[in-house]
Amino acid sequence: MDILGLARHGLNAFEQIAILGVVIVAFISLIYAWLLHKSVLKKEKGTEQMNAVWDAIRIGADSYLSRQLKTILPAIVILTIALFLSVYIVPPTREALEEFPQNTQIIIAIGRAVAFILGASFSLIVGQLGMRMAIQANVRVAAASRRGFNEALSIAYYAGTVTGMLTDGLGLLGGTTIFIIFGRAAPDALLGFGFGGTLLALFMRVGGGIYTKAADVGADLVGKVEKDIPEDDPRNAAVIADLVGDNVGDCAGMAADIFESYEVTIVSALILGLALVALDPTHSLKWIVYPLIIRGIGVVSSILGTFTVPIWESFPLKFLRAHDAEEAMFRSYEVSSVNTVFFSFLVAILYAGDWRLAMLTSIGVGLAVAFNPLTSYFTSTRHKPVKEIVESTSTGPATTILSGLSTGMESSVWALIVIAISFVFALMLYGGMGEPLYVLYAVAMIGIGMLSHTGNNVAMDSYGPISDNANGIGEMAWHDLDDENTRKARQIMADLDAVGNTTKAITKGVAIASAVIAAVSLFSSYITDVGRAQATLNVPILDSIRISDTAVFVGFLLGTALPWLFSSLSIRAVTRAASQIVLEVRNQFRIPGIMEGTVKPDYARVVSISTSSAQKELIPLAAIAVITPVLLGLVLGVEALGGFLAGVIGSGQMLAVFMANGGGAWDNAKKSIEDEPRDLVNNTGKGSERHKASVVGDTVGDPLKDTAGPALNPMIKVVNLISLIIAPILVKYQQLNIVGWLIVVLLFAGLYWAITQSKKPAPKLAQPVMSKE
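Not measured: the values here are computed from a predicted model.

Novice: Pulling in residues and values, what's your account of the overall build of the protein chain?
Specialist: Each helix and strand counted, the protein chain has 21 helices and zero strands in total. What you see for the protein chain is a C-alpha radius of gyration of 26 Å, in line with the 28 Å of a compact globule of 773 residues. Considering only intrachain contacts with a sequence separation of at least 6, the fraction spanning at least 24 residues in the protein chain is 83%. When the accessible surface of the protein chain is summed, it comes to about 27000 Å², and 67% of that surface belongs to carbon and sulfur atoms. Positive and negative side-chain charges of the protein chain, numbering 56 and 63 respectively, have mean locations separated by a distance of 3 Å.

Novice: Describe in detail the side chain of D168, supporting the description with residues and values.
Specialist: Structurally, the position occupied by D168 is in helix 5 (residues 149-182). Not counting residues up to four positions away in its chain, the partners in contact with D168 are S29, Y262, V299, S302, T454 and G455.

Novice: Just give me the short version of a nonpolar patch on the surface, but keep the residues and values in it.
Specialist: Together, V77, I81, L85, Y88, I106, I110 and V114 make up a nonpolar patch on the protein surface, roughly 610 Å² of accessible area in all. Within the fold, L85 resides in helix 2 (residues 48-86).

Novice: Hey, could you go over the packing of helix 7 (residues 239-279) against helix 15 (residues 454-477) for me, with residue numbers and the actual values?
Specialist: Here helix 7 crosses helix 15 at 175°, and the two axes come no closer than 10 Å. If you check the angle between helix 7 and helix 15, you find them roughly antiparallel. Residues V239, I240, L243, D246, N247, D250, C251, M254, I258 and Y262 of helix 7 form the contact with helix 15, whose participating residues are T454, N457, V458, D461, S462, P465, D468, N469, G472 and M476. Of the residues assigned to the contact of helix 7 with helix 15, the class counts are ten nonpolar, six polar and four charged.

Novice: Let's hear about the environment of I72: which residues, and what values?
Specialist: Looking at the element boundaries, I72 is found in helix 2. Put simply, I72 and F203 are 131 residues apart on the chain and 7.7 Å apart in space, counted from C-alpha to C-alpha. Other than its neighbours up to four places away in sequence, I72 contacts L200, F203 and L618.

Novice: Summarise the pattern of salt bridges; cite the residues concerned and give the values.
Specialist: Counted by the stated rule, this structure contains 28 salt bridges. The residue D706 makes a salt bridge to K213 at a minimum N-O spacing of 3.0 Å. Of this pair, D706 sits in helix 20 (residues 689-732) while K213 sits in helix 6 (residues 186-226), placing them 493 residues apart in sequence. Like D706, the residue K213 is buried in the burial classification. Taking the shortest distance from any N to any O, the salt bridge between D233 and R235 comes out at 2.9 Å. Judged by relative accessible area, R235 falls into the partly exposed class, the value being 24%. Via salt bridges that share partners, K213, D216, D667, K670, D698, D702, K705 and D706 belong to a single interconnected network.

Novice: Just give me the short version of empty space enclosed by the protein, but keep the residues and values in it.
Specialist: All chains considered together, the criterion is met by six cavities of 30 Å³ or more. There is about 310 Å³ of room inside the largest cavity. As for the largest cavity, its lining consists of 23 residues, and the residues nearest its centre are V90, P91, T93, D188 and P728. Only helix 4 (104-144), helix 6, helix 16 (484-536) and helix 20 provide two or more residues apiece to the lining of the largest cavity. Within the lining of the largest cavity, the residues separate by chemical class into 15 nonpolar, four polar and four charged. Put simply, the second largest cavity is a space of about 120 Å³. The element best represented in the lining of the second largest cavity is helix 20, accounting for four residues.

Novice: Now, about unusual backbone geometry: what can you tell me, with residues and values included?
Specialist: The residue N103 is not glycine, and still its phi comes out positive at about 55°. Along the polypeptide, N103 turns up in the loop between helix 3 (94-99) and helix 4.

Novice: Please provide a residue-by-residue account of helix 17 (residues 550-589), values included.
Specialist: Residues three or four positions apart in an α-helix share a direction because the helix packs 3.6 residues into each turn. Between its terminal C-alpha atoms helix 17 stretches 59 Å, which fits the 58 Å expected from 40 residues at 1.5 Å a residue. Two or three places before A551, at the start of helix 17, stands the capping residue D549, its side-chain oxygen 3.1 Å from that residue's backbone nitrogen.

Novice: Any chance you could break down the packing of aromatic side chains for me, citing the residues and the numbers?
Specialist: Per the stated rule, a full pass over the model turns up twelve aromatic pairs. Ring geometry for F100 and F182: centres 5.7 Å apart, planes at 70°, overall edge-to-face. Linking F100 in the loop between helix 3 and helix 4 with F182 in helix 5, this pair joins segments that are 82 residues apart in sequence. Take F100 and F182: they sit in the same class, and that class is buried. On the basis of an interplanar angle of 75° and a centroid distance of 5.7 Å, the ring pair of W287 and Y438 is categorised as edge-to-face. Highlighted residues: W287 in helix 8 (residues 286-307) and Y438 in helix 14 (residues 436-450), separated in sequence by 151 residues. Neither residue differs from the other here; W287 and Y438 are each classed as buried. Members of the aromatic cluster, connected to one another through ring pairs, are W287, Y430, Y438 and Y441.

Novice: So what about helix 15? Which residues, and what values?
Specialist: End to end, helix 15 covers 34 Å across 24 residues, agreeing with the expected 34 Å (1.5 Å per residue, within 8%). The element helix 15 is extensively covered by neighbouring structure, given that 24 of its 24 residues are classed as buried.

Novice: I'd like to hear about the environment of I117, residue by residue, with values.
Specialist: Assignment of secondary structure puts I117 in helix 4. Given the relative accessible area of 41%, I117 is considered partly exposed. Each C-alpha atom, one on I117 and one on R690, is 50 Å from the other, the two residues being 573 residues apart in sequence.

Novice: Let's hear about the packing of helix 4 against helix 5: which residues, and what values?
Specialist: It is the contact of helix 4 with helix 5, at a shortest axis distance of 8 Å, that shows an interaxial angle of 170°. With respect to their mutual orientation, helix 4 and helix 5 come out roughly antiparallel. For the contact of helix 4 with helix 5, the residue count by class is 20 nonpolar, five polar and two charged.

Novice: Quick one: what's the story with the side chain of S268, residue by residue and with numbers?
Specialist: Relative to the elements of secondary structure, S268 occurs in helix 7. Within the structure, S268 has its side chain in polar contact with the backbone oxygen of T265 (distance 3.0 Å). Residues within four places of S268 in sequence aside, it is in contact with A444, S521, L522 and S525.

Conventions and cut-offs
Residues numbered from 1 in each chain as written. Predicted model: local features only at pLDDT ≥ 70, side-chain atom pairs only at ≥ 80, totals over all residues. Heavy atoms only, no water. Helix = DSSP H or I, 4+ residues; strand = E, 2+ residues; numbered from the N terminus. Rg over C-alpha atoms; globule rule 2.2 N^0.38 Å. Contact = heavy atoms within 4.5 Å. Areas by Shrake-Rupley, 256 points an atom, 1.4 Å probe, with all protein chains shown as cover. Lys, Arg positive; Asp, Glu negative; His and termini not counted. Charge placed at Lys NZ, Arg CZ, Asp CG, Glu CD. Patch = residues over 30% accessible without salt bridge, like charges linked within 9 Å, V, L, I, M, F, W, Y side chains within 5 Å. Salt bridge = Lys/Arg side-chain N within 4 Å of Asp/Glu carboxyl O. Axes fitted to C-alpha atoms, helices over the stretch in contact; angles between N-to-C directions. Parallel < 35°, antiparallel > 145°, perpendicular 65-115°, else oblique. Nonpolar A, V, L, I, M, F, W, Y, C, P; charged D, E, K, R; others polar. Buried < 20%, exposed > 50% of the residue type's maximum accessible area, 1.4 Å probe, protein only. 1 Å grid on protein atoms, 1.4 Å probe; cavity = no way out; pocket = protein on both sides within 12 Å on 5 of 7 lines; lining within 4 Å. Points joined across faces, edges and corners; volume = space filled by probe spheres on them. Expected span 1.5 Å × (residues − 1). Polar contact = N/O pair within 3.5 Å; in protein donor to acceptor, adjacent residues only side chain to side chain. Phe/Tyr/Trp six-rings, centres within 6.5 Å; stacked < 30°, edge-to-face > 60°.

Pasting the structure below:
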């Protein structure tokens, strides 16, 4: 039997059928996304006023993404050429020679470059189509809220599921197709695929995060604190930019982020699996095929789970009925989890003959499930940490900020403990095999399990900005609050929006944890890849990273510093842009008629400020992530670069969780106070001093949870993937010649340019002429 030419890779009949089945599942995922897309678009879009607000959001988001694409295209072209040429610097691997005995290097070079473009394109497609789906859905959710809770929930969640299924389908299709073509040489091409997706995610995360939080902070500080007007009030000039930002940041950025984690875990699993095939006495390909099968099972499980979300709200058995949207989503996740765990044991026992592989999958699934209640505990309004922040608002902004900082710090510790426990389980299951590579592979398989329900995770995340935008559209378009139907619709959207804040925080936690698992897997792959390169070049093989070595320890220290530098620059970018927006909104409020509602603000000016500020940071921050590991590896060597990666992973994880959960807790503390009855005498509700303190805390947390924290996820993986790509080059050229030192000088100059460029203020727009009409 020879299906799709897989027999030449040594796959048996079952393995060939399984790989074909994985490809079919990938297409089913894309078809499911298309059907949901059609279902959402059939819903009506509401009133003329609602469509006017929606159209402004759509135009702003489309123009931002168009400018972003023009900004990053030159970098993509340069890196494509660099990846193509990188193959020629070192001899081809033994696996590449076996798969392609003739024209080996040109085939691998083309494969890596094309895979890079494919990964970048898929990441772009997921982000752009996901954002456009969210924009199509938000106005329909607002319209549906006038007809009932369940319909509005279904539209919001299914629109998010479209993005989730695109992530699943394209990620699975891309990785499996590369394996079908390249076989045991697939890791050489998969590095390009993973790097392309990760780099695009970094661009979209950084740009979208700066855009959305600059607008949000500017809108809140002037609108809520200074003018005491509601969120999404049409008199606020920053309100459209704020709503646009939800889409370009939380939808496009998050979708691309999780997509690249999905790619990267399969890259590391196949690199380590390939190494295990060589160690296995039977040379079984189960180490490569099993992760692909699990990914296919996970996609089917996500389809089943996401389909059931609206069902739980009206489930016939009362004890299983969900009480709110959050519980319905958690139930759907449990459905997916049970399905994946069950079938992973069937495959592990009947095909691989090793139940421990299924245990690793189950641990990964359990890790993702564990992050739901863990993140919810620190960010949900129902739990003690957020309630403590609410209490601290009674004594002002300073105690509010201190309370949120302590919540974020503690949450980071517990998140790290949960991840560490999963690694201990991997050690317990495969530590007795006598070869450390088995444990490293086990960690990679935990990552495969954790991201097996990517469709659910992305659906939950996209649901958040969709419901947020729907709430904003309703607030801007509906002014007849005496109408009973309007009040009910506004309450439905407020309830959906509140759940959206928690689901966004949860999926951020899962994204960060998956980024750490993926980065650790890549770190393991780095050691393996260095060893393969050393074996090819007949030099002593590195099997561990010696932290006691001075150069390695220096690399480790510099690695711990990089996430802090990256976060500093991204938060500074938000600060600069938000300051410009605050001044612009204040200026517009001085125009006669704006505050009275008789003159329409110039929303486009604020959109332009956010867009230009975000575009300015794309290349410098990406350059820092790309240049730093190359520079350190050339100066300190390949082992020191391994120490650098360890520092980046540890420091980045702690910082990212701290910022994401601290910001989420501040946000929901503010919403808790906004849900209170307005009573300025008793200091409760909107407009009270407690509310103003909570808004200050929220504006501090916004760039942490939606810009700096999420941007660390792709940054960590960009650093790891660049290190994997350059590792064979560093092994070959351990002693630098004049050309090598010239490259070092140029890289130092590039790093200096990137940092100074990032610190430069964005060009200011000309001040408008104030109309008195």
